[in-house]
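Architecture at a glance
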Amino acid sequence: MMKKMSIPTSKASLVLFLCQIISALDVPLDSKLLEELSQPPTITQQSPKDYIVDPRENIVIQCEAKGKPPPSFSWTRNGTHFDIDKDAQVTMKPNSGTLVVNIMNGGKAEAYEGVYQCTARNERGAAISNNIVIRPSRSPLWTKEKLEPNHVREGDSLVLHCRPPVGLPPPIIFWMDNAFQRLPQSERVSQGLNGDLYFSNVQPEDTREDYICYARFNHTQTIQQKQPISVKVFSTKPVTERQPVLLTPTGSTSTKVELRGNVLLLECIAAGLPTPVIRWIKEGGELPANRTFFENFKKTLKIIDVSEADSGNYKCIARNTLGSVHHVISVTVKAAPYWITAPRNLVLSPGEDGTLICRANGNPKPSISWLANGVPIAIAPEDPSRKVDGDTIIFSHVQERSSAVYQCNASNEYGYLLANAFVNVLAEPPRILTPANKLYQVIADSPALLDCTYFGSPKPEIEWFKGVKGSILRGNEYVFHDNGTLEIPVAQKNSAGTYTCVARNELGKIQNEVQLEIKDPTMIIKQPEYKVIQRYGQVSFECIIKHDSTLLPTVTWLKNNDELPDDERFLVGKDNLTIMNVTDKDDGTYTCIVNTTLDSVSASAVLTVVAAPPTPAIIYARPNPPFDLELTGQLERSIDLSWIPGDENNSPITNFVIEYEDALHEPGVWHYQTEVPGTQTTAQLKLSPYVNYSFRVIAVNKIGRSQPSEPSEQYLTKSASPDENPANVQGIGSEPDNLVITWEPLKGFQSNGPGLQYKVSWRQKDVDDEWTSVIVANVSKYIVSGTPTFVPYEVKVQALNDLGYAPEPSEVIGHSGEDLPMVAPGNVQVHVINSTLAKVHWDPVPLKTVRGHLQGYKVYYWKVQSLSRRSRRHIEKKILTFRGNKTFGMLPGLEPYSSYKLNVRVVNGKGEGPASPDKVFNTPEGVPSSPSFLKITNPTLDSLTLEWGSPTHPNGVLTSYTLKFQPINNTHELGPLVEIKIPANESSLILKNLNYSTRYKFYFNAQTSVGSGSQITEEAVTIMDEAMASRQVDIATQGWFIGLMCAVALLILILLIVCFIRRNKGGKYPVKEKEDAHADPEIQPMKEDDGTFGEYSDAEDHKPLKKGSRTPSDRTVKKEDSDDSLVDYGEGVNGQFNEDGSFIGQYSGKKEKEPAEGNESSEAPSPVNAMNSFV
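Residues numbered from 1 in each chain as written. Predicted model: local features only at pLDDT ≥ 70, side-chain atom pairs only at ≥ 80, totals over all residues. Heavy atoms only, no water.

Per an unreviewed UniProt entry, the chain is named Neuronal cell adhesion molecule, and its organism is Lonchura striata.

1. Thoughts on the pairing of strand β18 (residues 222-225)
Note the following rule: Here the rule is simple: two strands pair whenever DSSP picks up at least two bridges between them. Numbering of helices and strands starts at the N terminus; helices are DSSP runs of H or I of at least 4 residues and strands are runs of E of at least 2.
Judged from the 4 bridges that link them, strand β17 (residues 208-217) and β18 form a sheet pairing that is antiparallel. For R216, the partnering residue across the bridge sits in β18 and is I223. Counting the residues between successive antiparallel strands, the hairpin from β17 to β18 contains 4 residues, one of them, Q221, with a positive phi of roughly 55 degrees.

2. Focus: the pattern of salt bridges
This is how it is decided: Salt-bridge detection follows one rule: a side-chain nitrogen of Lys or Arg within 4 Å of a carboxyl oxygen of Asp or Glu.
Enumeration over the complete set of coordinates arrives at 38 salt bridges. As a salt-bridge pair, D177 and R208 come within 3.3 Å of each other at their nearest N and O atoms. Residue D177 is found in the loop between β14 (172-176) and β15 (189-191), and its partner R208 is found in strand β17; the two are separated by 31 residues along the sequence. Two residues, E283 and K315, come together in a salt bridge whose shortest N-O distance is 3.8 Å. Taken together, the residues span a long stretch of sequence, with E283 in the loop between β24 (277-282) and β25 (292-295) and K315 in strand β27 (residues 312-320) at a distance of 32 residues.

3. Focus: the confidence of the model for the chain
The condition that has to hold: Confidence scores here are pLDDT values: one per residue, from the predictor, ranging 0 to 100. Working rule for contacts: check all heavy atoms of both residues, and any pair within 4.5 Å makes them a contact.
For the chain, mean pLDDT is 84; residues scoring 70 or higher make up 86% of the total. Segment residues 1-23: pLDDT under 50, and 10 contacts once partners within four positions in sequence are set aside and those in other chains are kept. Note that pLDDT drops below 50 for residues 1029-1033; the model gives that stretch 2 contacts with residues more than four away or on any other chain.

4. Focus: a nonpolar patch on the surface
The condition is simple: A patch is a set of surface residues, each over 30% in relative accessible area and not in a salt bridge, joined within 9 Å for like charges and within 5 Å for the nonpolar side chains Val, Leu, Ile, Met, Phe, Trp and Tyr. Residue burial considers only the protein chains on display, and all accessible areas are found by Shrake-Rupley using a 1.4 Å probe. Only protein chains enter the area calculation, which uses a 1.4 Å probe; residues under 20% of their type maximum are buried, those over 50% are exposed, and those in between are partly exposed.
On the surface, a cluster of nonpolar side chains totalling about 670 Å² of accessible area is made up of L1050, L1053, I1054, I1057, V1058, F1060 and I1061. For L1053, the position within the fold is in helix α5 (residues 1039-1065). For L1053, a relative accessible area of 47% puts it in the partly exposed group.

5. Quick word on the sheet that holds strand β22 (residues 264-267)
Which entries qualify depends on this criterion: Fitted lines through C-alpha atoms serve as axes, helices being fitted only where they are in contact, and the angles separating the N-to-C directions of these axes extend from 0 to 180 degrees.
Pairing within the open sheet is antiparallel, and its 3 strands lie in the order β22-β26-β25. At either end of the open sheet lies a strand with only one pairing partner, and these are β22 and β25. Direction aside, neighbouring strands of the sheet carry axes that sit 20 degrees apart on average. Where β22 meets strand β26 (residues 300-303), 4 bridges bridge the pair, whose relative direction is antiparallel. Paired with L266 across the strands is L301, a residue of β26.

6. What about the sheet that holds strand β57 (residues 627-632)?
Taken in spatial order, the 3 strands make up an open sheet running β57-β58-β61, and their pairing is antiparallel. Of all strands in the sheet, those with a lone pairing partner are β57 and β61 (682-686), marking the two edges. Across the sheet, the mean angle from the axis of one strand to that of its neighbour is 25 degrees, orientation sign disregarded. Sheet topology note: the β57/strand β58 (residues 638-644) ladder contains 4 bridges and is antiparallel. Residue E630 lies in a different strand from β58, and its bridge partner there is S642.

7. Description of the UniProt feature "transmembrane region" (unreviewed entry) in the chain
Which entries qualify depends on this criterion: UniProt positions are given in the numbering used here, feature names are shortened, and annotations may be inferred rather than shown by experiment.
The feature "transmembrane region" (unreviewed entry), as given by UniProt, occupies residues 1040-1061 in the numbering adopted here. The distance from the first to the last C-alpha atom of residues 1040-1061 is 32 Å, and the span holds 100% helix and 0% strand.

8. Points about the side chain of D662
Rules: Here the positive residues are Lys and Arg and the negative ones are Asp and Glu; neither His nor the chain ends is included. A 3.5 Å cut-off defines polar contacts: any pair of N or O atoms within that distance qualifies, except that in protein one atom must be a possible hydrogen donor and the other a possible acceptor, and neighbouring residues in sequence count only when both atoms are side-chain atoms.
With respect to the element layout, D662 can be found in strand β59 (residues 655-662). At 11 Å, K747 is the nearest oppositely charged side chain to D662, a buried residue that forms no salt bridge. Of the polar contacts made by the side chain of D662, one reaches the backbone nitrogen of L664; its length is 3.1 Å. Of note is the side chain of D662, whose polar atom sits 2.5 Å from the side chain of H665. Not counting chain neighbours up to four residues away, the residues in contact with D662 comprise P667, V669, V691, N692 and F749.

9. Here we look at the packing of aromatic side chains
What counts here: Here a Phe, Tyr or Trp ring, Trp counted by its six-membered ring, pairs with any other such ring whose centre lies within 6.5 Å, and the pair is stacked when the planes are under 30 degrees apart, edge-to-face when over 60, and tilted otherwise.
As enumerated under the stated definition, the model contains 21 aromatic pairs in all. Between F180 and Y214 the ring centres are 6.3 Å apart and the planes differ by 45 degrees, which places this aromatic pair in the tilted class. Here F180 is found in the loop between β14 and β15, whereas its partner Y214 is found in strand β17, with 34 residues between them in sequence. Judged by relative accessible area, which is 53%, F180 ranks as exposed. An angle of 80 degrees between the planes, with centres 5.9 Å apart, marks the rings of F199 and Y211 as edge-to-face. Of the two residues, F199 sits in strand β16 (residues 197-199) while Y211 sits in strand β17, which places them 12 residues apart along the sequence. In this structure Y211 comes out as buried when scored by relative accessible area, which is 4%. Aromatic ring contacts, followed pair by pair, group F174, F180 and Y214 into a single cluster.

10. Quick look at the state of the cysteines
Two cysteines, two sulfur atoms, one covalent bond between them: this is a disulfide. Put simply, the rule is: Here, the term disulfide refers to a pair of cysteine sulfur atoms separated by no more than 2.5 Å.
Applying the stated criterion across every chain yields a total of 6 disulfides. The side chain of C162 participates in a disulfide bridge whose partner is C213; the two sulfur atoms lie 1.9 Å from each other. Classification of the bridge connecting C162 and C213 rests on its S-S torsion, roughly -70 degrees, and on that basis the disulfide is left-handed. Here C213 lies in strand β17 and C162 lies in the loop between β13 (158-160) and β14, a separation of 51 residues in the sequence. Comparing C162 with C213, the two get one shared label, buried. Two residues, C268 and C316, share a disulfide whose sulfurs are 1.9 Å apart. Across the disulfide from C268 to C316, rotation about the S-S bond amounts to roughly -65 degrees, and the bridge is consequently left-handed.

See below:
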């Protein structure tokens, strides 16, 4: 029996507050409902507080808000009204409060420096943005200075001062040489946090004249260069070693103030020879693990995410072989305001109470001030329902006129926080958002959840009825959830029917009907059985099912939990799986899975493939089942079982498996009890209370398992209190204000007796001392309502029955329900790596604001426009998720020369938090894609017209086009390549002075300042001279020409026949006689007696040389006789040969005749001439 508890006066306000929170309305996220309900303005997007803009681009000051009716917007600048209608350079986006200052059209960014604040207002209130400080970025030039060379003795220390110009934001410093190569750094030479270059000791290799300090201003993407510094090191022998001396910081102590959540950087750089080694310690404590990093060769101590606990004295010690020196830095961690409890929107009904709470912390502690609709609450219109009590506003008996937007400002010397929270007083009759006559289908003996999503103000009361004229549903067999859902924990066949949900408040009543159907469970009544099959045999597994007639089952077979092999040997039937021609690789576990839209069941069996039996075959089989089971030695918690083994069938029994049936709780279901070796025929079995046992035994050998034995006689054990508690106890909230405690219920035999129940206990971790407990029936869930959002709870569940309690259960840690994260990641920075890749950084959000389990961060990014075309397109947002507490990520696949926006959101188990302000970044230029097309038109004898389209993706500003072309001869050999540069604004070109009837190949691409893009190719041919073409065609097709050719061929044939006849007759030809009469006296014919030829010698060979002819004694051939004379391919008139007859001289083309006109020639060019024509 629970004790009656009184509430102390000191805790009354806390109880009142909790009651008010519970009574506040939750508005369902139903789009139609949200469109109809009035709502005060809410700022959804705004520019960062400290907004540094690029002075070369338009200034965009964001302010977006939602509300019903849609809000109007106004701005203040430096605390006074900013009339944008009087400034031609300033416009406000339609349906938005975002301002655009047109700098690119004549405006000056410096003229718009100041503090801006946006107000969004409708009839229900006014929300305000943060104070947005607009400052244009600055990247000033280095001041002119005369730098004297540094003459340093070897071993001395040296500091090269950078002293960069003061920019906004501050520049990034780095040192390089004239070749734009970073100067190497080491323990001896390194760059300090202030940008100076420190040498612990100089060496001769440090002599150079190009130590150059660079300042990179990322915001304007500019780099400024200091004049080169010269260092000359002179040597003195011997080099004197020196003990350490600190170059920075100076003195023995210094102080440092850092803000909570920032990165603490402490630096010590020492001079000395040998080079000192730096070590860091924290006096009176340890350096924080997992947050401490050493940089710059341990000269810099870096602690991330600092808190007040990191305050203290940090000592750096520089040591070398000659001694040491130390410096103590006293660190104080202050804190800008941060939220403990930010005010949350309130939706109340007329006459209800509520509170707005605004709690923040910081160092020093921030002051809290309230505003109503953007006006300090002290001078705001009076509201009798409102009372301000420090960081809390208490509302009592609110009316519709009490609707307003309240602002909480928490500030100290290091910053401020501003939060808007509205109070929306609604008077709405009940609405049911669940569709009418919605059908729910569940399997028998499973939970059924019937929805009744509702809204109304005041909050309606929900009642459920069954049937048309049924009575209101009550009792332990139903669970009624706060969101209107009716839960039937164990739905039976008689649970089917029509259910009516009724919602009523003082403004009206509404009802909705839903239908519930109960389906029979799907069962496998004939399961596949273990099989042993010989190689190359056939095997079949059965899977016969029983299912609800209104559900359509699908049967799937798996092998070793994977798809069946794609093999025609596997035949899937309606109720079986057959494997033909079994091989060794078919060994494995085969599973039959039956799925319906509501449930799924499965059963498995193992296939063992064995070798074919020897001849004569010895029959190996599974053993016969054991028999004659006998129970002896009955005790409360144990019993002895004995049996007689069956025939082992040529394979020794390896073990016996003992199973039991609980006829009291699960009749017909057999469970594994134990197993014993095959040589044992008795076993002592452990028993549980309140179980009606039967036992059976299965024998096992290498072939398989026997059929089960006949069951033993039954044995009923006595009842007892439970021995164990439920397993898998969890506490997980399903809503921001509840804790759902779940567990795995004990099985029937684990109850140890009748009347099984559970004692569910919980308490808030580190807050409550006493446990809150409730005893529930044999269910598996209990919901605790009215909890704070995402706080840890200690939870335990204890079993009990009519005979007593189980042992004390162990405690588990759970959490109440999550809510959406409160804040967006800050300090979002983008580093563009190249034209298609960027790296984004952000600061992690405080874990307290996550309000749930941190799952990671999501980066939303999208292309706004191409910088080359300035044309907007359909925005397609891309999302990248980074798991865990990661604070950076890579953005791949960007398009070159484009403007992008991104924002970052933190994600918990409930969903996404608010987005960070959109970050704009631009990708640099890349190489363009190929031109979109290349067309060649209007061919003439010596010209072609080229037309082209600009690249589909220019990826930058096109600087020019490059055209390359070369002729192609009949053997597909390429001629010389000609290159032409074409301005980027051209889209056509006429190429002149080309060869007629010649094929050309063209290569065409575009360029940006980065380089050339991919090229597009095309081929075209100049046309042939019309007169020549007509002559060639006409002669070849004229009849007289064909007849002439036939006559010439006939004449040659006749002459050949006559010559052949004359030669066969012998004697001299008449021509021969004439030649003999005029023979050269110096040349005598050879006689038969001296081995020479007489009348058959050719006197033509002894004639004087004619022009263009060659004598036989020169071993040459007349040009008229052969057009392939080797002389034609030599350098001079006379070709030369070696003694072995090989040709001497350079192989070159014969000299061409001058063409009659133009480039025409009466000769077809030889291959060599063709090559020479390309030179």
